[in-house]
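# Descriptive analysis of the structure
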Amino acid sequence: MLISNFSLLILAYIFIVYILCGVIKGSIGFGMPTVSISLLSFVIDIKIIIALILIPTLIVNMYQLSKGGNFKKILKETKYFLIFSTIFIFPGAYLLKILDSSLIIFFIALILISNSVLYLLRINIKLPYHDKTTAQILVGSVNGVIIGMTSIYTMPLVFLLQSLNYNKNTTIQFLGIAFFLYPLGQLISFANFDLLSKEIIINSIIILIPIFIGLVIGQKIRQKISEALFQKFFYIMLLFMGTIILFNLI
């Protein structure tokens with residue numbers, strides 16, 4: 001199996017990274033794919049990392065999907081964005097298949113750095129006509145291609161979210177819906193393009209163990225530490241990791 005290909009030291013590092021993925025998810029509600037990509041791209045091929053996190057992401061977000069009580073409102077206001085960002089995962093996954101891994105990693109690093117800088121500098125970008133069908137189709141399509149190619153869900157999704165001005169509960173449910181659809185779309189696309197093997201599926205199930213350990217820890221951290229403070233730490237970490245990835249590619 002894929003996991004058994006590594007030394008004990010590397011296996012321990014991978015185990016800790018997936019615990020951290022769960023901690024981040026349990027603390028701030030998102031970030032599992034981003035963390036795994038940022039911290040594992042040095043030891044595992046990027047295409048395998050993206051495939052490995054899909055099943056855990058899908059399972060973990062099933063719970064978040066049902067919370068909030070605004071399911072109909074969210075679908076009414078964002079259905080075109082959600083539909084097209086899910087559909088366009090397919091061409092994004094095709095790009096992942098045909099492009100060189102180093103190019104994918106470079107693009108991911110740019111997204112990580114951009115996302116982190118925008119958050120840390122408190123720069124809010126709102127989409128004009130975000131409630132219009134055409135705008136949601138265009139932004140959703142771009143979002144889908146980026147997801148399929150990088151497994152990073154937050155850009156340009158975050159720009160739509162800033163435009164909607166949802167309260168905390170509605171925001172969490174919107175992210176739950178989106179983050180349920182996206183790994184589902186990725187799984188279908190990856191299976192079609194032979195990016196998903198039996199070994200990857202088995203290892204995806206195995207890594208659920210450290211992820212759920214991390215989830216429990218993260219939920220306890222959420223009760224004791226300010227979510228805003230933890231998010232700030234999260235984006236500083238992503239900025240740092242994105243910069244390191246870029247320097248390693250130069």
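What counts and how
- Residues numbered from 1 in each chain as written.
- Predicted model: local features only at pLDDT ≥ 70, side-chain atom pairs only at ≥ 80, totals over all residues.
- Heavy atoms only, no water.
- Helix = DSSP H or I, 4+ residues; strand = E, 2+ residues; numbered from the N terminus.
- Polar contact = N/O pair within 3.5 Å; in protein donor to acceptor, adjacent residues only side chain to side chain.
- Contact = heavy atoms within 4.5 Å.
- Buried < 20%, exposed > 50% of the residue type's maximum accessible area, 1.4 Å probe, protein only.
- Salt bridge = Lys/Arg side-chain N within 4 Å of Asp/Glu carboxyl O.
- Phe/Tyr/Trp six-rings, centres within 6.5 Å; stacked < 30°, edge-to-face > 60°.
- Axes fitted to C-alpha atoms, helices over the stretch in contact; angles between N-to-C directions.
- Parallel < 35°, antiparallel > 145°, perpendicular 65-115°, else oblique.
- Left-handed = near helix turned anticlockwise from the far one by under 90°.
- Nonpolar A, V, L, I, M, F, W, Y, C, P; charged D, E, K, R; others polar.

As a further point, take the side chain of Ser38. Structurally, Ser38 is set in helix 2 (residues 32-40). Within the structure, Ser38 has its side chain in polar contact with the backbone oxygen of Thr34 (distance 2.7 Å). Setting aside residues no more than four positions away along its own chain, Ser38 makes contact with Leu112, Leu238, Met241 and Ile245.

All right, on to helix 2 then. For helix 2, a buried count of nine out of nine residues is recorded, marking the element as mostly surrounded by other parts of the structure. The complete set of buried residues in helix 2 reads Met32, Pro33, Thr34, Val35, Ser36, Ile37, Ser38, Leu39 and Leu40.

Before going further, it helps to spend a moment on the pattern of salt bridges. In the structure shown here, the tally under the stated rule is one salt bridge. The shortest N-O distance in the salt bridge between Lys73 and Glu77 comes to 3.0 Å. A residue pair is termed a helical-turn pair when its members lie 3 or 4 positions apart in one helix, as Lys73 and Glu77 do in helix 5 (residues 71-87) at four residues.

What follows concerns the packing of aromatic side chains. Inspection of the entire model under this criterion finds seven aromatic pairs. Taken together, a centroid distance of 6.3 Å and an interplanar angle of 65° make the contact between Tyr166 and Phe174 edge-to-face. Pair check on accessibility: Tyr166 and Phe174 agree, each one buried. Following the ring pairs from residue to residue traces out a cluster consisting of Phe90, Tyr94 and Phe193.

Turning our eyes to something else, we now look at the packing of helix 5 against helix 10 (residues 168-192). Any two packed helices are characterised by how steeply their axes cross, that is the angle between the axes, and by the distance between the axes. Between helix 5 and helix 10, whose axes approach to 11 Å, the crossing angle comes to 30°. Between helix 5 and helix 10, the angle falls in the class roughly parallel. With respect to the hand of their crossing, helix 5 and helix 10 are arranged in right-handed fashion. Packed against helix 5, whose contacting residues are Phe71, Ile74, Thr78, Phe81, Leu82, Ser85 and Thr86, the element helix 10 presents Thr170, Gln173, Phe174, Ile177, Ala178, Leu181, Tyr182 and Gly185 at the interface. Along the lines of polarity and charge, the residues of the contact of helix 5 with helix 10 split into nine nonpolar, six polar and no charged.

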